[in-house]
Structures are given as C-alpha cells and as structure tokens.
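Here is what each chain is made of, one letter per residue.
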2 protein chains.
Amino acid sequence: MSQRLTRRRLIQVGAAGAAASALPTAAFAASKKTKKADVAIVGAGFSGLVAARALAAKGHSVVVLEARDRVGGRTQNASIAGGKAIAEVGGEFVGPTQDRILALAKAVDVDTFPVYNKGNNVFIARGQRAFYDATVGIPNDPEVQAGLGALLEVDAIGKAVGVAAPWKHSKAKQYDAQTLAQFLATKNLSATALAVLDAVCEAIWGADPTELSLLYVAQYVAAAGNAKTPGSFVRLIATGGGAQEQRIVGGSVVIAEKVADKLGSRIILKAPVEKIREHDGVVTITTRGGPTVVAKRAIVAVPPVLAARIAFAPGLPSSKKTLLKAMTPGSLTKVEAVYDTPFWRETGLSGQGVSDTGLARVPYDNSPPDGSVGVYFSFIGGKRHGEWAALSAADRRARVLDDFVRFTGDERARTPSEYLEKDWTTETWTRGCPVGHFAPGVLSKHGAQLRAAHGRIHFAGTETSDYWLGYMDGAVRAGERAAHEVHSKL
Amino acid sequence: MSQRLTRRRLIQVGAAGAAASALPTAAFAASKKTKKADVAIVGAGFSGLVAARALAAKGHSVVVLEARDRVGGRTQNASIAGGKAIAEVGGEFVGPTQDRILALAKAVDVDTFPVYNKGNNVFIARGQRAFYDATVGIPNDPEVQAGLGALLEVDAIGKAVGVAAPWKHSKAKQYDAQTLAQFLATKNLSATALAVLDAVCEAIWGADPTELSLLYVAQYVAAAGNAKTPGSFVRLIATGGGAQEQRIVGGSVVIAEKVADKLGSRIILKAPVEKIREHDGVVTITTRGGPTVVAKRAIVAVPPVLAARIAFAPGLPSSKKTLLKAMTPGSLTKVEAVYDTPFWRETGLSGQGVSDTGLARVPYDNSPPDGSVGVYFSFIGGKRHGEWAALSAADRRARVLDDFVRFTGDERARTPSEYLEKDWTTETWTRGCPVGHFAPGVLSKHGAQLRAAHGRIHFAGTETSDYWLGYMDGAVRAGERAAHEVHSKL
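Computed from a predicted model, the values in this text were never measured in an experiment.

Enquirer: Report on the overall build of chain A, specifying residues and quantitative values.
Expert: The secondary structure content of chain A amounts to 16 helices and 21 strands. Since a compact globule built from 490 residues should have a radius of gyration of about 23 Å, the 22 Å found for chain A is in line with a globular shape. Here chain A holds 490 residues, and the buried ones make up 63% of them. Counting contacts in chain A only where the partners sit at least 6 residues apart, residues at least 24 apart contribute 73% of the total.

Below you can see the structure in the form of structure tokens.
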C-alpha cells in the first residue's frame with residue numbers, strides 16, 4: 001500500500017459510507033487570478049479551518065490557501081477492509097479538557113466514542129510480559145512508577161511556569177538549559193524506567209528525552225489541561241481520563257471536512273504559499289500555481305518549520321525566524337494492521353500496552369466503534385522511528401508484526417489482512433508529527449515570538465496554542481485565538 | 001494555654017476586630033421544652049449548618065441541635081498576639097475544585113487569601129536539610145519521587161473505582177483487602193520515601209499507611225477533585241493548585257459563624273442528642289439538657305463515631321452500625337508557635353517542608369494575611385501523634401520547637417511569644433481530626449450504608465461526601481446533598 005494516501009482513497013471511504021457526508025462538496029480548483037478577501041489564511045488544517053470559520057461567522061470574507069489536495073493537515077483517513085471501514089493514519093484521539101475540539105465536533109454534528117479500554121494492558125519489560133488493569137492504566141511496576149514520580153516534578157514545574165508565557169518565569173533559563181534526559185539522569189531511575197519513559201516521549205512528541213528541553217516539556221505538560229484543570233504528564237499518557245480517551249466516529253478528519261464543506265469555495269487547494277508581503281496597508285500572498293490573494297490581514301496556520309520557508313516581506317524578526325526554524329517536527333509513524341476481528345479482546349486484552357524493547361512500543365486498539373474489524377496500531381517515534389525508517393519495507397513489516405505478536409500473545413497478529421504505514425516526516429506539507437518541539441535554549445530566549453504577529457500577519461497552528469498544543473484541540477484553540485486577534489483589528 | 005478553647009476566647013477574638021461581625025447574635029440558650037420543626041439537624045458543623053441553611057431557604061422550619069457551646073465543628077479560632085490576630089486550630093485550608101465551600105464563603109461575604117508560598121520549602125531527610133522551590137512543591141529527591149510515582153497508581157485506582165460507589169467496583173474487595181502500607185511494600189521504596197509518605201498520610205488522615213484501606217485511600221484521592229477534574233494525591237498534598245492553596249480571612253470558622261448568624265435561634269447549643277426515635281410518621285429527638293424536638297425528618301451531621309453513639313429506635317441496620325463504628329477518627333494535632341514576625345521569610349523560606357524525622361514533620365506558615373505576626377504550625381498525626389501525646393507538656397513543646405528550629409534553620413524558632421496545641425482526639429464532640437478512615441474490609445462490605453438514610457433519618461457530615469470528604473468542602477457538599485434528599489421528601 002502506498003504511504004501517500006490520495007484524495008481518491010478518501011473519496012472511496014466516503015462513498016463507502018464510513019464518512020459519507022463529510023467531504024467538502026465545493027469545487028476547489030485552483031485559479032490563477034488575483035483574489036481579494038478581508039483575511040487570507042495559510043493552511044487548511046484544523047487551525048486554519050477554524051480561524052476561517054470564526055472569521056466568516058463574524059462577516060469577514062476569507063480565503064484559505066492549502067498546499068495539498070485535501071484539508072485536515074495532520075489528520076487523514078485510510079479506507080480499509082474493502083471500503084467497509086476507515087483507519088486514521090494521523091491524529092485521532094481526543095479527551096477531557098480538550099474543550100474546543102469537543103465543542104467543534106459537536107457543532108458540526110460529529111460524535112465521539114470511547115477508545116476500547118477494557119481488560120488488561122500489557123507491560124513488556126526485562127524480557128517478561130505482564131498485565132495491568134486498563135482502567136487503571138499505569139503499569140504495576142515500581143521501576144516505571146519511580147519514573148512517573150520524577151515526571152510529577154515536571155508537572156509541578158509546568159504548573160509553576162504556566163502556559164501563557166513560560167519564558168518569563170524566573171527559572172525559565174535554568175529549566176531551558178537542560179534536556180528532559182538530563183533532568184531524568186538525576187533521578188536514579190532504572191534502565192527499564194528510562195526505556196519506558198523513552199517510549200512514552202517517542203509517542204507523545206516523536207522525539208526522545210535527549211532532544212527535548214525541560215522547559216518545553218514542562219509547559220507542554222501544563223498545557224494538557226484547561227484554565228480550570230491543571231495539566232499533567234499522566235493526562236498525556238492516559239486513555240481513560242486522558243488524551244487517548246475518545247475517538248471520532250468516521251475519523252477525526254471528518255470534523256475538518258465538515259468545516260471545510262461550509263467554507264466551500266473559500267478554500268483553494270493545491271495552492272502552496274511562497275511569499276507573504278505587507279505593503280500599503282494590505283497583505284499580498286503569492287502561491288505556486290494558485291491565485292494571488294490580497295487581504296487586509298493574513299493568518300499563517302501551518303507547522304512552524306513550513307512557516308519558516310515562506311518568504312516574508314518585510315522579513316520576520318530574526319528571533320521569530322530562529323524560533324520557527326528551531327521548532328523541530330517530531331519523527332513519528334503509525335503502523336497499523338487490520339484483522340478480521342479484534343481477537344486480542346477474546347483473551348481479555350485491551351490492545352494497549354508499553355514495552356521497553358522492540359520498534360512498536362506503544363500500541364492501541366484502533367478498531368471501528370462496532371468492532372466489526374480488528375485494527376491494531378502502534379506509534380513508532382524518535383530513535384525508534386530512525387531505526388524503523390532505515391529498514392526495508394519487508395523488514396519493517398516483519399519487525400512490527402513481531403512486536404504485535406509479543407503484545408497480543410497471539411500468532412494471529414502476524415497475518416493481518418492489511419498492513420498500513422504512515423510516515424509523516426516524508427510529507428512535504430507536514431514534515432513531521434505530531435508536533436514541533438524545542439531543544440534547550442530556544443523557548444526561554446525566543447518564546448515571546450511564538451504567538452507574536454508580524455505586522456498584519458498573524459500566526460496560528462497547534463504549536464502556538466496555550467492549552468493542548470500538539471493536539472487537534474490546540475489547533476482549534478490557536479485558530480480561534482488568531483481569528484479573535486484579527487477580528488479585533490478589522 | 002488550655003487545649004480546650006472556650007467560646008469566651010472566641011468572643012475576645014471577635015471583640016478585637018479579627019472576626020468582628022462573624023459571631024451569631026441570637027441567644028442560643030438551651031431550652032427544655034419540646035420544639036417542632038420540619039427538620040431536625042444534629043450537629044452545627046459546616047455540614048449541619050449548610051443543610052439547615054438550604055432547607056430554611058426552601059421554606060422549611062429547622063432546628064439545629066449542637067452539643068457544644070459553639071458552632072463550626074472541626075474549625076475553630078484561637079486569639080493570639082493579645083487579640084490582634086487569630087490562629088486557626090482546626091481545618092483551615094481551601095483550594096481549587098473545592099467549589100462548594102468557596103461558593104459558600106462568597107455567599108456569606110468571606111474572602112480567601114493565598115497561603116504564603118514563596119521561596120523555598122525545606123526537605124529534611126537522611127540527616128540533611130535541602131531546599132526545593134515552593135511553587136514546584138515536590139521535593140527534588142529521587143527516592144521521594146519514586147514514592148509519589150507509586151501514588152500515581154493509587155490515583156489511577158481511584159479514577160477506576162470512582163467516588164459515587166467505590167464498593168461496587170469489580171476489584172473493590174481486592175483493593176479493600178490490603179492497607180496502603182501493604183500496597184507500598186510492593187514498590188521497592190526506600191526508607192526515606194516510606195517515611196515521607198508516612199508523614200504525608202499522617203497529615204492528610206491523622207493515620208499511617210498501616211491503618212488505611214487501599215480502597216478507602218483510592219476513593220479519597222479520587223474525591224480530591226470535582227465532576228470535571230479528577231482527583232489526585234498530589235492535589236491533596238499541594239499548596240499552589242492544591243488543597244492547601246488558600247486560607248480564609250478571619251479564620252475558616254467565620255464562615256460557619258456567619259451561616260449560624262442567619263439561622264439565629266434555630267440553632268440550639270449545649271444540646272447533645274442522645275436518642276432519635278421514628279414513630280407515627282415523625283422523628284422525636286431527645287437531648288441531654290436541651291429540648292426535645294419533634295420533626296418530620298432528621299439529618300445527622302456529626303462524625304460517624306459520634307453518630308454511632310446515638311440511640312436510634314428502631315435501631316440502625318447492623319451494616320450501618322458497623323460502618324459508623326469502623327470509621328476511625330484520625331489522630332491529629334496542630335502545634336503552633338507565634339513569633340513577632342514570620343522571620344523565616346527573611347531567608348527566602350516559605351515555611352513549608354517535609355521531614356523524615358522528628359515529631360513535627362509537615363509545617364506551614366500560618367501567619368495572618370498581612371504578615372504582621374509570624375505563625376508557624378505543623379501537623380502531628382498518626383504514630384507521631386501517639387509519641388507526642390505520651391510526652392509531658394514541657395517535652396512536647398521542646399521537641400516541637402526543636403523541629404521548628406530544624407526547618408527554619410533559625411534559633412529564633414525556639415522562643416515563640418505563644419505556643420498553642422490543639423488535640424482534637426480529646427474533644428468529646430469530635431473525637432479526632434481531620435476525618436474518619438477505614439481499615440481494610442469495611443468500605444467494600446458496608447460502603448452502601450455511607451449515605452443511606454434510615455427511614456426518616458438522613459446522614460450528612462464530611463465523611464459522607466462524594467467529593468472532598470474530609471474537608472470543609474465535603475462537609476458543605478454533604479449538607480447540601482442531605483438537604484436535597486430531605487426536601488424531596490417533604
């Protein structure tokens with residue numbers, strides 16, 4: 001199966017009924033003529049779409065310029081089981097305190113359903129396979145728990161630095177001078193604990209503790225909540241009560257598609273933005289192959305690494321440029337196997353687990369809500385992603401299915417009817433998933449630029465959110481925030 | 001100073017202005033005649049007062065029978081510094097998610113203020129004194145953090161069993177068959193970690209992990225939140241963002257006194273209830289030295305151990321009797337020292353800390369909001385309470401002040417202008433603080449009786465709350481719940 005899923009595949013999914021009414025119906029043909037609008041929005045991921053939706057609702061004219069031939073950014077469906085079902089190959093989970101994505105899903109009449117979370121999770125460590133209660137969700141292992149205990153200090157640092165401006169905290173430089181790995185190295189943790197924390201970070205950021213600034217991690221953890229409920233590392237990890245609690249009926253991308261549907265021809269696909277120039281009180285946006293747009297204001301709602309490739313005139317302040325370039329996209333892939341049934345449930349397994357070895361270390365049951373087909377997937381991120389990417393396609397498949405057999409304890413895992421891979425790092429218009437991260441030294445120095453507008457050019461995208469950055473919810477919040485910013489200036 | 005603070009002292013506090021308008025103005029003289037009311041409420045702590053307030057607001061006539069000569073239950077002020085200030089000798093802290101006590105404070109026009117939480121906390125372990133950031137609030141110690149990590153599993157068990165009916169969970173018996181200490185013994189924790197967890201539990205429950213059912217602890221932890229925000233052990237421990245975040249201007253008892261003030265002569269002091277008899281569609285309540293009350297319904301809002309001493313006719317079901325008797329009141333004392341100034345602040349100390357040794361292991365800065373006087377206190381609970389109670393008054397004082405010198409690193413701590421002790425275990429009408437707890441085997445078997453009415457007799461008190469049992473907030477919630485129950489039957 002091709003790693004690059006095409007729009008045609010998505011249409012097949014829709015035609016098969018899994019997401020029947022979810023695709024935008026307007027013709028999105030690119031046009032070379034100059035368009036005028038109050039606001040030009042770059043990127044039709046969740047953040048850009050939500051910004052457009054909010055501004056349109058206020059009566060402003062908008063144009064959304066999207067480089068790809070589809071909307072939804074880091075969310076995407078793949079058709080599986082001969083079109084009878086879908087599997088999400090990008091962002092898919094939502095959970096409590098992710099208020100804005102949940103409100104959006106409701107607004108566009110899309111339902112959520114709980115991730116399968118019954119029976120036992122599997123904990124593989126030190127060559128042994130053990131079980132722990134899925135509803136408890138924390139391996140009953142002293143070494144791992146010691147590691148989680150150290151993360152409580154990260155929670156507390158996050159609480160202290162806050163989500164609004166962590167770079168302003170009196171100890172910001174101190175926290176930002178070290179990696180999460182350096183912090184953890186002071187905690188006398190066992191090799192197993194460190195391996196499990198690596199696996200957890202690889203799934204959360206597509207990066208390892210050695211790559212992550214402690215300040216960045218602390219604020220990211222603080223962001224895993226809302227104004228009433230402080231964030232915690234456990235909420236990032238957890239299924240029940242956490243960031244993996246719920247899924248979206250029909251696939252998360254359906255929400256984006258429904259928003260896009262209402263925006264109709266205001267969205268222009270296959271129109272990669274090359275240049276954004278502010279002059280004479282307007283912003284002129286030049287695309288490659290698409291129209292030129294002249295607008296009163298612009299919102300850039302693409303991953304920072306892509307924003308950094310746009311030519312701005314006048315140029316971005318060097319601090320902002322540094323920040324955008326330094327926000328490294330995660331290295332994350334989702335590997336998925338489709339089976340006739342979710343057979344692991346027969347032996348009382350939830351499908352979830354964590355392992356200190358293997359390529360696929362953080363698996364989930366990704367079956368459709370009715371369980372009519374079994375879908376099992378794992379994240380492969382950070383160092384593991386590098387190992388995985390260096391293998392041949394056959395070896396990748398063999399190694400991953402080996403891991404699935406170890407988790408499920410069932411040889412049936414070796415012979416799926418379909419096997420899917422989605423490597424977001426090779427996507428030109430994403431460059432990595434799930435989120436950009438900072439190594440030490442960036443956030444404390446350049447953080448003030450994160451949400452800062454550049455003249456009439458504003459910035460959205462999940463990376464600019466206060467809460468739930470890195471998640472669909474953060475994308476929605478950032479889009480709403482940017483729309484609010486722009487609206488107040490129009 | 002006497003351990004038994006009298007109403008006269010409180011009046012002095014009021015007269016000095018610290019809580020000037022807070023005392024009930026109605027005459028509460030006990031009367032021997034028979035009174036009639038829609039609802040008779042036993043106990044004028046927060047729970048009983050709130051139940052009375054809610055029912056009175058619905059137009060029902062109420063009589064509140066209180067054994068003591070004061071209202072407020074487990075909250076109480078002591079006048080200090082020649083009447084210039086007060087120190088709370090009972091429950092005093094409130095924090096986020098304690099929505100009902102915060103709403104009540106607001107409703108009666110009482111303000112909160114943040115607990116002093118700046119600079120460094122002190123961590124004393126293995127004979128060393130170290131510092132950690134007060135706003136972070138978690139000792140930067142791998143051994144302690146490993147212990148806190150184990151408590152994350154308790155959080156998760158709490159989340160799984162929930163607050164509504166933990167006894168119904170499929171693993172309730174399994175969790176209720178072990179003590180917290182037995183659970184912790186499987187976690188390979190160091191002696192220091194276990195000592196710190198002992199100190200934490202002694203402050204939270206006035207009991208040690210060896211005395212506490214894991215199921216009880218798990219649901220208590222789950223209760224440290226609200227319907228939107230799941231509870232956590234860290235929220236029980238924390239100052240910023242946790243259960244010790246805020247204090248009440250004028251002292252927590254002022255809230256109770258203001259509620260009582262409005263209830264006026266509906267409260268009858270010095271009227272200990274001896275018997276509650278249901279007959280002929282009414283409830284007759286007999287007091288020792290006070291009136292007999294005939295009511296349509298009754299609410300018992302006293303600690304379970306005291307409820308168990310009331311003679312009920314017809315008798316309580318044996319399961320309920322067992323439950324009430326088994327809910328052991330905590331052994332907790334607050335020892336407080338008053339100084340001219342909060343001198344520890346001069347050297348950048350918050351006043352807070354934790355120690356693996358000594359009698360006073362969990363101290364706080366308890367100074368009035370303006371810092372005009374320095375007040376330092378520590379909890380002494382569980383085993384430590386037993387050690388403390390066995391000493392002479394002079395030895396108690398010397399040992400505690402020794403600990404205060406160790407925490408503050410300042411010899412001035414040895415010579416306070418006043419030294420206060422409040423031992424709630426010796427209070428006839430409380431029998432222990434802050435809350436009743438269960439050893440293994442009770443909650444899973446008899447939990448359904450916790451909030452169960454007995455005919456026309458309903459039960460309130462913080463121990464019967466779903467959220468924040470053991471706290472003033474739980475008392476308010478329980479009072480409101482009982483009032484709602486009764487109102488729906490009248």
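Enquirer: Please give an account of the interface of chain A and chain B that cites residues and values.
Expert: Taken together, the contacts link 30 residues of chain A with 30 residues of chain B. Interface of chain A and chain B: buried area, both sides summed, is about 2,300 Å²; carbon and sulfur atoms make up 55% of it. Three residues stand out in chain A for area buried against chain B, namely A:Val136, A:Gln145 and A:Leu152, and they jointly supply 23% of the buried area on that side. For A:Lys171, the salt bridge identified is with B:Asp133, shortest N-O distance 3.0 Å. The tally of links from chain A across to chain B stands at 11 residue pairs in polar contact (both at pLDDT 80 or more).

Enquirer: Can you lay out the pairing of strand E12 (residues 292–300) of chain B for me, pointing to particular residues and giving the numbers?
Expert: A regular strand carries its side chains on alternate faces of the sheet. All names here are of chain B. Two strands pair when backbone bridges link them, and strand E1 (residues 34–42) and E12 are joined in this way by 8 bridges, in the parallel orientation. Along E12, the bridge assignment pairs Val42 with Val300. Inspection of the sheet shows strand E11 (residues 282–287) paired to E12 by 3 bridges, in the antiparallel sense. Residue pairing in the sheet places Val283 in a bridge with Ala295 of E12. The antiparallel hairpin formed by E11 and E12 contains 4 residues in its connecting segment, where Gly289 sits at a positive phi of about 90°.

Enquirer: A description of the pattern of salt bridges should follow, citing residues and the corresponding values.
Expert: In total, this model carries 52 salt bridges over all chains according to the counting rule given. A:Glu480 is the salt-bridge partner of A:Arg100, the closest N and O atoms lying 2.8 Å from each other. Within this pair, whereas A:Arg100 is found in helix H3 (residues 99–107), its partner A:Glu480 is found in helix H16 (residues 472–487), the two being separated by 380 residues in sequence. For A:Arg100, a relative accessible area of 33% translates into the label partly exposed. Linking B:Arg247 and B:Glu88 is a salt bridge whose minimum nitrogen-to-oxygen distance equals 3.7 Å. Of this pair, B:Arg247 sits in strand E8 (residues 246–248) while B:Glu88 is found in strand E4 (residues 85–88), placing the two residues 159 residues apart along the sequence. Residues joined by salt bridges that share partners form a network here, namely A:Glu88, A:Glu92, A:Arg247 and A:Lys334.

Enquirer: Tell me about helix H2 (residues 46–57) of chain A, and please be specific about residues and values.
Expert: Its 12 residues give H2(A) an end-to-end C-alpha distance of 16 Å, which sits within 8% of 16 Å, the value for a rise of 1.5 Å per residue. Backbone geometry just downstream of H2(A) places A:Gly59 in the positive-phi region, at approximately 95°.

Enquirer: Explain the pairing of strand E7 (residues 128–133) of chain A residue by residue, including any values.
Expert: All names here are of chain A. Pairing between strand E6 (residues 120–125) and E7: 6 bridges, direction antiparallel. Looking across to E7, one finds that Val122 is bridged to Phe131. Linkage of E6 to E7, two consecutive antiparallel strands, is achieved through a turn of 2 residues, within which Arg126 is found at a positive phi near 50°.

Enquirer: Which residues make up the side chain of B:Thr239, and what are the values?
Expert: All names here are of chain B. Along the polypeptide, Thr239 turns up in the loop between helix H9 (233–237) and E8. Within polar-contact distance, the side chain of Thr239 engages the side chain of Gln352 at 2.5 Å. Not counting the four nearest positions on each side in its chain, Thr239 is found in contact with Val115, Asn117, Gln244, Glu245, Gln352 and Tyr364.

Enquirer: Mind laying out the sheet that holds strand E19 (residues 418–423) of chain B, listing which residues take part and the relevant values?
Expert: Residues and elements named next belong to chain B. Read from one edge to the other, the open sheet built from 4 strands follows the order E17-E18-E15-E19, with strand pairing classed as antiparallel. The open sheet has two edge strands with one neighbour each: strand E17 (362–365) and E19. Looking at each pair of strands side by side, their axes are set apart by 20° on average, direction ignored. Bridging between E17 and strand E18 (residues 374–381) involves 4 bridges; their strand directions are antiparallel. Its bridge partner lying in E18, Tyr364 is registered against Phe377.

Enquirer: Outline the nonpolar core, listing residues and values.
Expert: One finds A:Trp205, A:Tyr216, B:Trp205 and B:Tyr216 to be the most contacted residues of the largest nonpolar core, which totals 138 residues. Those residues in contact with B:Tyr216 that sit more than four places away from it in its chain are B:Trp205, B:Met327, B:Val435, B:Gly436, B:His437, B:Phe438, B:Leu443 and B:Leu469.

Enquirer: Outline the packing of aromatic side chains, listing residues and values.
Expert: Each pair of aromatic rings is reported with the distance of its centres and the angle of its planes. Residues and elements named next belong to chain A. All chains considered together, the criterion is met by 36 aromatic pairs over all chains. With 5.0 Å between their ring centres and 90° between their planes, Tyr339 and Phe343 make a pair best called edge-to-face. Three or more aromatic residues joined by ring pairs make a cluster, and in this case those are Trp205, Tyr216, Tyr220, Phe233, Phe438, Trp468 and Tyr471. Stacked on the ring of Trp424, the Lys or Arg Lys422 has its end atom at 4.4 Å from the ring centre.

Enquirer: Can you lay out the relation of the copies chain A and chain B for me, pointing to particular residues and giving the numbers?
Expert: Each copy of the chain is related to the other by a rotation around an axis and a translation along that axis. For the pair chain A and chain B, the superposition axis carries a translation of 0.0 Å, the fit reaches an RMSD of 0.0 Å, and the rotation angle comes to 180°. The transformation relating the two chain copies, once decomposed into turn and shift, fits a two-fold axis. A shared binding surface is used by both copies, with 100% of the interface residues of chain A retained as interface residues in chain B.

Enquirer: I'd like a rundown of the packing of H2(A) against helix H10 (residues 253–263) of chain A, residues and numbers included.
Expert: All names here are of chain A. One can describe the packing of H2 onto H10 by two numbers: an axis separation of 10 Å at closest approach and a directional angle of 40°. Here the hand of the crossing between H2 and H10 comes out left-handed. Where H2 abuts H10, its residues Phe46, Leu49, Ala52, Arg53 and Ala56 lie against Ile255, Ala256, Val259, Ala260 and Leu263. In the contact of H2 with H10, the residues fall into 9 nonpolar, no polar and 1 charged.

Enquirer: Account for the sheet that holds strand E7 (residues 128–133) of chain B, with residues named and values stated.
Expert: Residue and element names in this part refer to chain B. Ordered by their spatial adjacency, 3 strands build an open sheet running E7-E6-E16, and the pairing between neighbours is mixed. In this open sheet, the two strands that pair with only one neighbour each are E7 and strand E16 (349–355). Strand-to-strand, the axes of this sheet are offset by a mean angle of 30°, without reference to chain direction. Running at roughly 115° to E16, helix H14 (residues 393–408) makes contact with strand E6 (120–125), E7 and E16 of the sheet.

Enquirer: I'd like a description of the state of the cysteines, backed by residues and values.
Expert: All names here are of chain A. The full count for this structure, using the stated rule, is 0 disulfides over all chains. We note that Cys201 lacks a disulfide partner, and the nearest cysteine sulfur, in Cys433, lies 17 Å from it. Accessibility expressed as a relative area gives 6% for Cys433, which makes it buried.

Enquirer: Lay out the confidence of the model for chain A with the relevant residues and their values.
Expert: Averaged over every residue, the pLDDT of chain A is 94; residues scoring 70 or more account for 93%. Two numbers describe this predicted complex: its pTM, 0.91, and its ipTM, 0.89.

Enquirer: Account for the environment of A:Arg53, naming residues and giving values.
Expert: All names here are of chain A. Residue position: Arg53 is located in helix H2. Accessibility expressed as a relative area gives 36% for Arg53, which makes it partly exposed. Residues Arg53 and Lys262, spaced 209 residues apart in sequence, show a C-alpha to C-alpha distance of 8.3 Å. With sequence-adjacent residues up to four places away left out, Arg53 is seen in contact with Leu104, Ala107, Val108, Val259 and Leu263.

Enquirer: Which residues make up the environment of A:Ala191, and what values do they have?
Expert: Residues and elements named next belong to chain A. Considering the arrangement of structural elements, one finds Ala191 in helix H7 (residues 191–205). Given the relative accessible area of 63%, Ala191 is considered exposed. Separated by 159 residues in the primary sequence, Ala191 and Ser350 place their C-alpha atoms 26 Å from one another.

Rules of the game
- Residues numbered from 1 in each chain as written.
- Chains lettered and ligands numbered in written order.
- Predicted model: local features only at pLDDT ≥ 70, side-chain atom pairs only at ≥ 80, totals over all residues.
- Heavy atoms only, no water.
- Helix = DSSP H or I, 4+ residues; strand = E, 2+ residues; numbered from the N terminus.
- Rg over C-alpha atoms; globule rule 2.2 N^0.38 Å.
- Buried < 20%, exposed > 50% of the residue type's maximum accessible area, 1.4 Å probe, protein only.
- Contact = heavy atoms within 4.5 Å.
- Buried area = accessible area lost by both parts, 1.4 Å probe.
- Salt bridge = Lys/Arg side-chain N within 4 Å of Asp/Glu carboxyl O.
- Polar contact = N/O pair within 3.5 Å; in protein donor to acceptor, adjacent residues only side chain to side chain.
- Pairing = 2+ DSSP bridges.
- Expected span 1.5 Å × (residues − 1).
- Axes fitted to C-alpha atoms, helices over the stretch in contact; angles between N-to-C directions.
- Core = buried A, V, L, I, M, F, W, Y, C linked by side-chain atoms within 4.5 Å.
- Phe/Tyr/Trp six-rings, centres within 6.5 Å; stacked < 30°, edge-to-face > 60°.
- Lys NZ or Arg CZ within 6 Å of the ring centre and 35° of its normal.
- Least-squares fit on C-alpha atoms with pLDDT ≥ 70 in both.
- Left-handed = near helix turned anticlockwise from the far one by under 90°.
- Nonpolar A, V, L, I, M, F, W, Y, C, P; charged D, E, K, R; others polar.
- Disulfide = S-S within 2.5 Å.
- pLDDT = per-residue confidence, 0-100.

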